[in-house]
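Chains, contacts and geometry: an overview
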Amino acid sequence: MNKFIFPAFTLLCFVCLSFALTSCGEGGGSTSSSKTYYDDLDDDNKKKKKKKKKKRNVQTYNLPSVRLNQKNVKEELEKFAEDNEESVVMMYTNMGNMKLKLYKETPLHRANFIRLTKIKFFDRTQFHRVVKDFMIQGGGGGGLHRIKLKEAVGNYRVPHEIMPAKFFHKRGALATARIYENNPMKRSNPYNFYIVQGTKYNVPTLNNMAQKNKTTFSPAQMQAYTSIGGVPSLDGLHTVFGELLEGFDVLDKIAAVKTKKSEWPAKDIIIDSVRIVK
């Protein structure tokens, strides 16, 4: 009986093996359309290869050919001012837009701001210091990329163009920040600016302030500070090189935000871009 079991068992194994090969699509004449596990893996890999990588929106900068330093800054900005007469810009922020006029009577600061605007330096920077009833300061932030951009533009300060009797810190004034230590010439930080919100003053307070600081306020200053307000204590200390034309509501909105102890806004206030109007 054993000699019949072995051939039968062999025949059964052959039939099972043939069936398995046919099911997997590997049989000699099989035309089965069913996909195997490995076919699915191949299809997935093909789909992944077909997916196109999303292009990043890389911003390019037209960097000036001359890198500024303390020796060449005055000469280079004077040249730039002659060739670039634009004086009105629009500042787009995540809290609204502001239109600014730059004074032609402060050519170095106007040229510096326009120069930075043309290379999109202020794009994606922030209002990094906000003090209600005082001012909002911008041009900061931007991370490592902004640091590298500063290195490319130059390490310099702008010679002051302070004219307090003519251009002063009334509400809406555009001025430059600066350091006080080791800066007797009151040179301006080229990258940081501020817009004055301020508050109103009465005549006795202004007279006392002038007496204390051993200075005088012009009729124009007195009229502005008593009617629209400002920050008279900053006059003579910083260069005022422009003023707000439109967007006073945006100025007030930004000045009212909650801030950290460092006066940095609790929620980032982004300057999306600054563009030249004329």
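With that out of the way, let us pick up the pairing of strand E8 (residues 270–276). Each regular strand carries side chains that alternate between the two faces of the sheet. The sheet contact formed by strand E1 (residues 88–93) and E8 spans five bridges and is antiparallel. Bridged to Val89 within E8 is Ile276. Here two bridges tie strand E3 (residues 125–131) to E8, and the two strands are oriented antiparallel to one another. Across the sheet, residue Gln126 finds its bridge partner in E8, namely Ile270.

Considering soluble globular proteins, one finds that nonpolar side chains tend to be buried as a cluster. One finds Met91, Met98, Phe113, Phe127 and Ile136 to be the most contacted residues of the largest nonpolar core, which totals 38 residues. If you tally residues by element for this core, the top one is helix H4 (residues 107–118), at five residues. Counting 11 residues, the second-largest nonpolar core is a separate cluster that includes Val131, Met135, Tyr194 and Val240.

To continue, consider the sheet that holds strand E5 (residues 173–176). In space, the eight strands of this closed barrel follow the order E1-E2-E7-E5-E6-E4-E3-E8, with antiparallel pairing throughout. The sheet shows a mean angle of 35° between the axes of neighbouring strands, taken without regard to direction. Where E1 meets strand E2 (residues 96–102), six bridges bridge the pair, whose relative direction is antiparallel. Bridge assignment links Met90 to a residue of E2, and that residue is Lys99. Relative to the sheet, helix H8 (residues 248–255) contacts E1, E2, E3, strand E4 (135–140), strand E6 (193–196) and strand E7 (240–246), its axis offset from that of E2 by approximately 115°.

Neither face of E6 is exposed, since Phe193 and Ile195 on one face and Tyr194 and Val196 on the opposite face are all buried. Taken together, the four bridges between E4 and E6 define a ladder with antiparallel strand orientation. By the bridge assignment, Ile136 is partnered in E6 with Ile195. When E5 meets E6, the two strands line up antiparallel, connected through three bridges. The partner of Thr176 across the bridge, within E6, is Phe193.

Analysis parameters
- Residues numbered from 1 in each chain as written.
- Predicted model: local features only at pLDDT ≥ 70, side-chain atom pairs only at ≥ 80, totals over all residues.
- Heavy atoms only, no water.
- Pairing = 2+ DSSP bridges.
- Helix = DSSP H or I, 4+ residues; strand = E, 2+ residues; numbered from the N terminus.
- Core = buried A, V, L, I, M, F, W, Y, C linked by side-chain atoms within 4.5 Å.
- Buried < 20%, exposed > 50% of the residue type's maximum accessible area, 1.4 Å probe, protein only.
- Axes fitted to C-alpha atoms, helices over the stretch in contact; angles between N-to-C directions.
- Contact = heavy atoms within 4.5 Å.

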